[in-house]
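Take a look at the letters that make up each chain.
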Amino acid sequence: MNHEAKKIYPVYPCVPCGKDFDFMGSFQMKAHLSRRYLFSASHRLHSDAMSDEENHSTYGKCNNPYGHGHNYTVEVTVSGQVDRQTGMVCNLADLDAFIETQVLARFGHENLNTLREFAQEVPTTENLCIQIYEIVQRGFHFAHLERVRLEETMMNSFEYAGREA
Amino acid sequence: MVYLTRKAEFSASHFYHNPDFTPEENRRVFGKCNNPNGHGHNYTLEVTVKGEVDPRSGFVVDLKQLKEVMHREVLDAMDHRFLNKEVPEFLHQIPTTENIAIAIWQRLAAKLESARLHRVRVYETPDLFVDFYGEP
Ligand SMILES: [Zn+2]
Ligand SMILES: [Zn+2]
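How each quantity is defined
Residues numbered from 1 in each chain as written. Chains lettered and ligands numbered in written order. Predicted model: local features only at pLDDT ≥ 70, side-chain atom pairs only at ≥ 80, totals over all residues. Heavy atoms only, no water. Helix = DSSP H or I, 4+ residues; strand = E, 2+ residues; numbered from the N terminus. Buried < 20%, exposed > 50% of the residue type's maximum accessible area, 1.4 Å probe, protein only. Contact = heavy atoms within 4.5 Å. Areas by Shrake-Rupley, 256 points an atom, 1.4 Å probe, with all protein chains shown as cover. Pairing = 2+ DSSP bridges. Axes fitted to C-alpha atoms, helices over the stretch in contact; angles between N-to-C directions. Donors = N, O, S within 2.8 Å, 3.2 Å for Na, K, Ca; no water. Buried area = accessible area lost by both parts, 1.4 Å probe. Salt bridge = Lys/Arg side-chain N within 4 Å of Asp/Glu carboxyl O. Parallel < 35°, antiparallel > 145°, perpendicular 65-115°, else oblique. Left-handed = near helix turned anticlockwise from the far one by under 90°. Nonpolar A, V, L, I, M, F, W, Y, C, P; charged D, E, K, R; others polar. pLDDT = per-residue confidence, 0-100.

**Re the overall build of chain A**
- Secondary structure summary: chain A contains four helices and six strands in total.
- Element order for chain A, N to C, with α for helix and β for strand: α-β-β-β-α-β-α-α-β-β.
- Sorting the 165 residues of chain A into buried and exposed places 44% on the buried side.
- Sequence separation of 24 or more characterises 66% of the internal contacts of chain A that already satisfy a separation of 6 or more.
- Looking at chain A as shown, the accessible area adds up to about 9,100 Å², and 50% of this sits on carbon and sulfur atoms.

Right, here's the structure in full:
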């Protein structure tokens, strides 16, 4: 270890516990890491459980039978102890690779209504947000998933943090 | 309880390297960020403090004081610096966004009087940010 560094580095009291805190120590710190990704997809909001009039009055323009599209932004937040060896909650390369293959490749440039994920449910941004949360929750194990936030446009966004939250 | 957030920006360079790793491990774990000559970012800092509104001033915190502390403790130390070589914390800590957020929290928490620090958020780029709530 660098003793010069030790000399000039001030020791601060830790706010949560009041003890003196030294970065070289094995002090545990939990941080939240958020990463934003873009993908584009089309959808049509239409429920087979409703009449045509009901669909029209519920979904308005989004019920257009030809569909329409959005540039979605998905913001994934994971948390965990900052690894003292790497300074990271998890390696960003692992998170990026997972989201690329499991989320962006699955939904990007697709018509959501044609996907098996939406065979049984309407591809609203709420449902898409929950689906993405569940994909990450099931498959990504390098850090704890806190929440998924999905922006459909600059004006609308949805957040899901699991059944309990 | 009311929450108040103040933003600031700073630009700095850094690289990621752990002297306990072999050169191959360093390259594998840190990728392009391992280049010892460094690279830079425009960081955005968001500091959120919380407290009750003072009935006399109507303030949660004296914004002037918050701004001064942020300037003195964070911007003077980190803006236009090579983090690995000029900021004491990072002489022996890797200046990842996580560690930058923790270091900023430590610097501010020791200096903020009236209001309690709630969150330090550091954006490395618009699509990558870290939140630290002082949680162990
Ligand atoms: Zn739509
Ligand atoms: Zn960087």
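Now that the structure has been shown, the text picks up again.
**Structural notes on the sheet that holds strand E2 (residues 39–51) of chain B**
- One open sheet holds the nine strands; their spatial order is E6(A)-E5(A)-E4(A)-E3(A)-E5(B)-E4(B)-E2(B)-E1(B)-E3(B), and the pairing between them is mixed. In this open sheet, the two edge strands, each paired with only one partner strand, are strand E6 (157–160) of chain A together with strand E3 (81–82) of chain B.
- Where strand E3 (residues 30–43) of chain A and strand E5 (residues 128–132) of chain B come together, five bridges link them in antiparallel fashion. Paired with Arg 35 of chain A across the bridge in E5 of chain B is Leu 128 of chain B.
- Against the sheet, helix H3 (residues 92–107) of chain A makes contact with E3 and strand E4 (68–81) of chain A together with E5 of chain B, and its axis sits at roughly 20 degrees relative to E3 of chain A, the strand it touches most.
- Sitting on the sheet, helix H4 (residues 125–139) of chain A is in contact with E3, E4, strand E5 (144–151) and E6 of chain A, with an inclination near 155 degrees to E5 of chain A.

**Thoughts on the coordination of the zinc ion (ligand 1)**
Residues and elements named next belong to chain A.
- In this structure, His 43 (NE2), His 68 (NE2) and His 70 (NE2) serve as the protein donors to the zinc ion (ligand 1), at separations of 2.0 to 2.1 Å.
- Mapped onto the polypeptide sequence, the residues donating to the zinc ion (ligand 1) form the spacing pattern H-x24-H-x1-H.
- His 68 gets classed as partly exposed once you look at its relative accessible area, which sits at 23%.

**Considering the coordination of the zinc ion (ligand 2)**
- The coordination sphere of the zinc ion (ligand 2), as far as protein atoms go, consists of His 14 of chain B (NE2), His 39 of chain B (NE2) and His 41 of chain B (NE2), spread over 2.0 to 2.1 Å.
- For the zinc ion (ligand 2), the single-chain donor residues occur in sequence as H-x24-H-x1-H.

**Quick notes on the interface of chain B and chain A**
- Contact residues are listed per partner, giving 34 residues for chain B and 34 residues for chain A.
- When the two sides are added together, the surface that chain B and chain A hide from each other amounts to roughly 3,100 Å², 61% of it contributed by carbon and sulfur.
- The largest per-residue losses of area from chain B upon contact with chain A belong to His 92, Glu 98 and Gln 106 of chain B, which jointly make up 20% of the total buried on that side.
- At the boundary of chain B and chain A, one finds one salt bridge.
- Here Arg 35 of chain A ties to Asp 127 of chain B by a salt bridge, and the two come within 3.3 Å at their closest N and O atoms.
- Elements supplying a minimum of two residues to the side of chain B that touches chain A: helix H1 (23–30), helix H4 (97–109) and E5 of chain B.
- At eight residues, H4 of chain B tops the list of elements feeding residues into the side of chain B that touches chain A.

**Describing the packing of helix H2 (residues 63–78) of chain B against H4 of chain B**
All names here are of chain B.
- Contact geometry for H2 and H4: axes closest at 9 Å, N-to-C directions at 140 degrees. Considered as vectors, H2 and H4 are oriented oblique to each other. Crossing of H2 over H4 shows right-handed handedness. Of the residues in H4, those touching H2 at Val 69, Met 70, Glu 73, Val 74, Ala 77 and Met 78 are Ile 100, Ile 104, Arg 107 and Leu 108.
- The residue makeup of the contact of H2 with H4, split by class, is eight nonpolar, no polar and two charged.

**Topic: the confidence of the model for chain A**
- Averaged over chain A, the pLDDT score is 88; the fraction of residues at 70 or greater is 84%.
- A low-confidence stretch, residues 1–26 of chain A stays under pLDDT 50, and its non-local contacts, those more than four residues away or across chains, total 45 contacts.

**A closer look at the confidence of the model for chain B**
- When the pLDDT values of chain B are averaged, the result is 94; 98% of them are 70 or greater.
- At the level of chain-chain contacts, confidence expressed as ipTM amounts to 0.93, with global pTM at 0.89.

**Some words on the side chain of Asn 63 of chain A**
- Position of Asn 63 of chain A among the secondary structure elements: in the loop between helix H2 (52–59) and E4.
- Apart from residues lying up to four places away in sequence, Asn 63 of chain A is in contact with Arg 44, Leu 45, His 46, Asn 55 and His 56 of chain A.

**Let's talk about unusual backbone geometry**
- We note that His 109 of chain A has phi near 55 degrees; this positive angle belongs to a residue other than glycine.
- With respect to the helices and strands, His 109 of chain A occurs in the loop between H3 and H4.
- Judged by its relative accessible area of 72%, His 109 of chain A is exposed.
- Positive phi, close to 55 degrees, is recorded for His 80 of chain B, a residue that is not glycine.
- Structurally, the position occupied by His 80 of chain B is in the loop between H2 and E3.
- Note on His 80 of chain B: relative accessible area 64%, which makes it exposed.

**Quick word on the pattern of salt bridges**
All names here are of chain A.
- In the structure shown here, the tally under the stated rule is 17 salt bridges over all chains.
- The partner of Arg 149 in a salt bridge is Glu 159, and the shortest N-O contact between them spans 3.6 Å. Pair noted here: Arg 149 is in strand E5 and Glu 159 is in strand E6, with a separation of 10 residues, a long-range link.
- Residue class for Glu 159 comes out exposed when judged on its relative accessible area of 51%.

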